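For reference, the chains in residue letters:
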Amino acid sequence: MAKKLKHSIELTVYSNVDELSPEDKELVIKAKEVSKKAYAPYSQFYVGAAIRLDSNEMVEGSNQENMAYPSGMCAERVAIYYANSHHSDKKIDTIAVTAFAKKFDVNHPVSPCGACRQSMAEYELKQNQPIRLIMTGESGEVYIAESIETVLPFMFNEIELKKE
Ligand code: THU
């Protein structure tokens with residue numbers, strides 16, 4: 001007899017950034033700042049990601065587009081690859097993601113794409129500690145997930161690949 005598997009996800013929803021803790025709000029402000037440095041001439045969708053490390057340092061990244069479209073890179077991966085290139089000895093505590101667009105108001109939380117979720121999940125497994133994810137737009141509600149796994153149920157996780 002076949003059975004059904006169900007995954008559900010839990011997010012904490014805040015009405016706006018002012019409801020966040022001072023640390024989380026600071027990280028969102030950093031993400032907003034770095035979104036202004038995004039290179040997004042094709043989509044005109046400017047994304048910023050800011051990471052708080054367990055040392056309390058913050059590192060950031062923004063999306064980088066290319067006229068060969070698939071060569072571009074999302075803000076979250078720019079930020080997380082930078083973090084692990086420069087601070088591989090430190091754990092990642094939280095990632096905040098936000099965006100603004102030229103042609104419309106981003107008045108809802110920005111949700112990382114599947115490839116970014118998989119990339120962030122890699123470091124969550126590597127550090128064996130959850131990475132919190134804060135999602136915001138220019139305005140409106142803020143969503144917080146307590147781990148990347150939360151937003152990527154049934155992720156690719158082939159532990160056998162790690163065996164020699
Ligand atoms: N983008 C990100 O930076 N992060 C995401 O999670 C989704 C999309 C970027 C890629 C591209 O430069 C632009 O947003 C429009 O898709």
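What comes next is a walk through the structure. (Residues numbered from 1 in each chain as written. Predicted model: local features only at pLDDT ≥ 70, side-chain atom pairs only at ≥ 80, totals over all residues. Heavy atoms only, no water.)

**Section: the state of the cysteines**
Note: disulfide means a covalent bond formed between the sulfur atoms of two cysteine side chains.
Logical step 1: On inspection of all chains with the given rule, the structure shows 0 disulfides.
Logical step 2: Take Cys 74: it sits in no disulfide, and the sulfur closest to it among the cysteines is that of Cys 116, at 3.7 Å.
Logical step 3: Cys 116 carries a free sulfur, and the closest cysteine sulfur to it, the one in Cys 113, is 3.7 Å from it.
Logical step 4: A relative accessible area of 0% means that Cys 116 is categorised as buried. (Disulfide = S-S within 2.5 Å. Buried < 20%, exposed > 50% of the residue type's maximum accessible area, 1.4 Å probe, protein only.)

**Points about a nonpolar patch on the surface**
Logical step 1: On the surface, a nonpolar cluster with roughly 520 Å² of combined accessible area is contributed by Tyr 39, Tyr 42, Met 67 and Tyr 69.
Logical step 2: Here Tyr 39 lies in the loop between helix H1 (22-35) and strand E2 (45-53).
Logical step 3: Owing to a relative accessible area of 44%, Tyr 39 belongs among the partly exposed residues under this scheme. (Patch = residues over 30% accessible without salt bridge, like charges linked within 9 Å, V, L, I, M, F, W, Y side chains within 5 Å. Areas by Shrake-Rupley, 256 points an atom, 1.4 Å probe, with all protein chains shown as cover. Salt bridge = Lys/Arg side-chain N within 4 Å of Asp/Glu carboxyl O. Helix = DSSP H or I, 4+ residues; strand = E, 2+ residues; numbered from the N terminus.)

**Quick look at the pairing of strand E4 (residues 92-101)**
Logical step 1: The buried fraction of E4 amounts to 8 of the 10 residues, a majority that puts the element mostly inside the structure.
Logical step 2: As judged from the 9 bridges shared by E2 and E4, these two strands associate in the antiparallel manner. Bridge pairing in E4 places Arg 52 opposite Thr 94.
Logical step 3: Of the pairings in the sheet, the one linking E4 to strand E5 (residues 132-135) comprises 4 bridges and is parallel in character. By the bridge assignment for E5, Ala 96 is matched with Ile 134.
Logical step 4: For the crossover from E4 across helix H3 (residues 114-127) to E5, the handedness is right-handed. (Pairing = 2+ DSSP bridges. Right-handed = clockwise from strand over helix to strand, strands pointing away.)

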